[in-house]
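What follows is the residue order along each chain.
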Amino acid sequence: MIAPTLTRRCFWTVIIVGLFPAVGFAQQNLFNVPSGVITKPGDLFFQQQFNFSQPVGASNSTFDFGLGRGWEAGFNILDLNMYERGDSGKPFVQQQVNPDLLANVQKGIEVTDFWDFGIGGQFGINPARRPKDVRFLNFSWFINSFEVPDREALGKLYVGAYYANVAYVGQGDSFNFLLGYEVPIIKDRLSFQADWIGGNNDIGVAVIGGVYTFKSGWQLSVGAQLPAPRSTNPYGVVIEFTYPSYPLFGRRTARAD
């Protein structure tokens, strides 16, 4: 899920840090926009996202399993609040029974050598003490990714759309666009990333930053978050730790550099 966020001064600081580091949502993604990349058959995709803002700090975890034939499925543990600022302005741990629990599924299709298409969704509930407070959550999307053949330096463009119910996005737009762009700075090591979820709702934000891939295969992403036009979402910081493909069966091979 998406993070609420910080002050304007912190925002510009994180822009600098995010673009030049020593560097929700289900499935493999940029920051918040799904990329349409499918986990390899028999492999596990893991991502831990932390969202920090002046009012709230939240944790979002995603696990996906490659099923083969362009399919993957998994589950999400979203919106686990780490702290929330009260009226005094001091952080306190939120007394939350459970985070949102969702299952996810995605199908990826290679349309041409430069155009890939993905379609998927998340479906689940927000556990609550009282049964009448339990709500069904739904976030569904499709995404197109475009890359000029033999021109990797130009990066990839992502264009799509989503539908989400009120329980997922709050009051406001339930249908809107998805945009993203990534371009390598250092091949197989450092990339610039930016994405934008459109809409005047709780998830309408853009994130600008970068991702660094370590020799071990782990990835660190750092980004600064801006509210979408017409939304009241605050500024903030997104930090992600990702292992994109861990083989569950068979021996793990060393990464070639």
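Everything that follows concerns the structure shown earlier in this document.
Rules behind the numbers
- Residues numbered from 1 in each chain as written.
- Predicted model: local features only at pLDDT ≥ 70, side-chain atom pairs only at ≥ 80, totals over all residues.
- Heavy atoms only, no water.
- Helix = DSSP H or I, 4+ residues; strand = E, 2+ residues; numbered from the N terminus.
- Core = buried A, V, L, I, M, F, W, Y, C linked by side-chain atoms within 4.5 Å.
- Buried < 20%, exposed > 50% of the residue type's maximum accessible area, 1.4 Å probe, protein only.
- Pairing = 2+ DSSP bridges.
- Patch = residues over 30% accessible without salt bridge, like charges linked within 9 Å, V, L, I, M, F, W, Y side chains within 5 Å.
- Areas by Shrake-Rupley, 256 points an atom, 1.4 Å probe, with all protein chains shown as cover.
- Salt bridge = Lys/Arg side-chain N within 4 Å of Asp/Glu carboxyl O.
- Lys, Arg positive; Asp, Glu negative; His and termini not counted.
- Charge placed at Lys NZ, Arg CZ, Asp CG, Glu CD.
- Contact = heavy atoms within 4.5 Å.

A.B. asks: Could you clarify how one ought to interpret unusual backbone geometry in this entry?
C.D. replies: Excluding glycine, a negative phi dihedral is what most residues carry, and trans is how most peptide bonds are arranged. In the Ramachandran plot, Arg69 falls in the positive-phi region, its phi being about 55 degrees despite a non-glycine side chain. By the element assignment, Arg69 lies in the loop between strand E2 (56–68) and strand E3 (71–85). Positive phi outside glycine occurs at Asp188, with the angle close to 60 degrees.

A.B. asks: Explain the nonpolar core here, please?
C.D. replies: Most often, soluble globular proteins have nonpolar side chains that are buried together. Phe139, Tyr162, Tyr168, Leu178 and Ile203 are the most contacted members of the largest nonpolar core, which totals 16 residues. Those elements that provide at least two residues to this core are strand E7 (136–147), strand E8 (156–164) and helix H2 (166–169). Examining the composition of this core, we find that four residues originate from one element, E7, more than from any other.

A.B. asks: Explain the pairing of E2 to me, please; I cannot follow it from the model alone.
C.D. replies: Two faces make up the sheet, and in a regular strand the side chains alternate between them. Counting buried positions along E2 gives 10 out of 13 residues, so the element sits mostly inside the fold. In the sheet, strand E1 (residues 43–52) pairs with E2 via nine bridges, with the strands oriented antiparallel. Of the residues in E2, the one forming a bridge with Phe50 is Ser59. Between the end of E1 and the start of E2, which pair antiparallel, lie three residues. Summarising the sheet, E2 and E3 pair through 11 bridges and their orientation is antiparallel. Considered in E3, the bridge of Asp64 is made with Gly74.

A.B. asks: Which parts of the structure should I look at to understand a negative patch on the surface?
C.D. replies: On the surface, a cluster of negative charge is contributed by Glu110, Asp113, Asp116 and Asp150. When you line up the elements, Asp150 lands in the loop between E7 and E8. Assessed through its relative accessible area of 80%, Asp150 is described here as exposed.

A.B. asks: Got a minute to help me understand the pattern of salt bridges in this structure?
C.D. replies: Think of it this way: side chains of opposite charge can pair up when their charged atoms draw near. Evaluated as defined, the whole model comprises two salt bridges. Notably, a salt bridge pairs Arg130 with Asp133, separated by 2.8 Å at the nearest N-O pair. Taking relative accessible area as the criterion, Arg130 reaches 46% and is therefore assigned partly exposed. Since its relative accessible area comes to 31%, Asp133 is described here as partly exposed. In this structure, Arg230 engages Asp173 in a salt bridge whose closest nitrogen and oxygen atoms are separated by 3.4 Å. You can see Arg230 sitting in the loop between strand E12 (219–227) and strand E13 (236–247) and its partner Asp173 sitting in the loop between H2 and strand E9 (175–186), a full 57 residues away along the chain. What makes Arg230 exposed here is its relative accessible area of 61%.

A.B. asks: Can you walk me through the environment of Gln219 in this structure?
C.D. replies: With respect to the element layout, Gln219 can be found in strand E12. Residue classification places Gln219 among the partly exposed positions, given a relative accessible area of 22%. Distance from Gln219 to Arg189, taken between C-alpha atoms, is 9.0 Å for residues 30 residues apart in sequence. Apart from the residues lying within four places of it in its own chain, the contact partners of Gln219 are Val211, Tyr212, Thr213, Glu240, Phe241, Thr242 and Pro244.

A.B. asks: Quick question: what am I supposed to make of the pairing of strand E5 (residues 100–110) here?
C.D. replies: The pairing of E3 with E5 spans eight bridges and is classified as antiparallel. Bridge assignment links Glu72 to a residue of E5, and that residue is Gln106. Where E5 and strand E6 (residues 115–125) come together, 10 bridges link them in antiparallel fashion. If you follow Asn104 over to E6, its bridge partner there is Gln122. The hairpin turn running from E5 into E6, its antiparallel successor, is four residues long.

A.B. asks: What am I meant to see in the environment of Phe75 here?
C.D. replies: With respect to the helices and strands, the residue Phe75 is situated in strand E3. Taking the C-alpha atoms as reference points, Phe75 and Leu102, 27 residues apart in sequence, are found 5.6 Å from one another.

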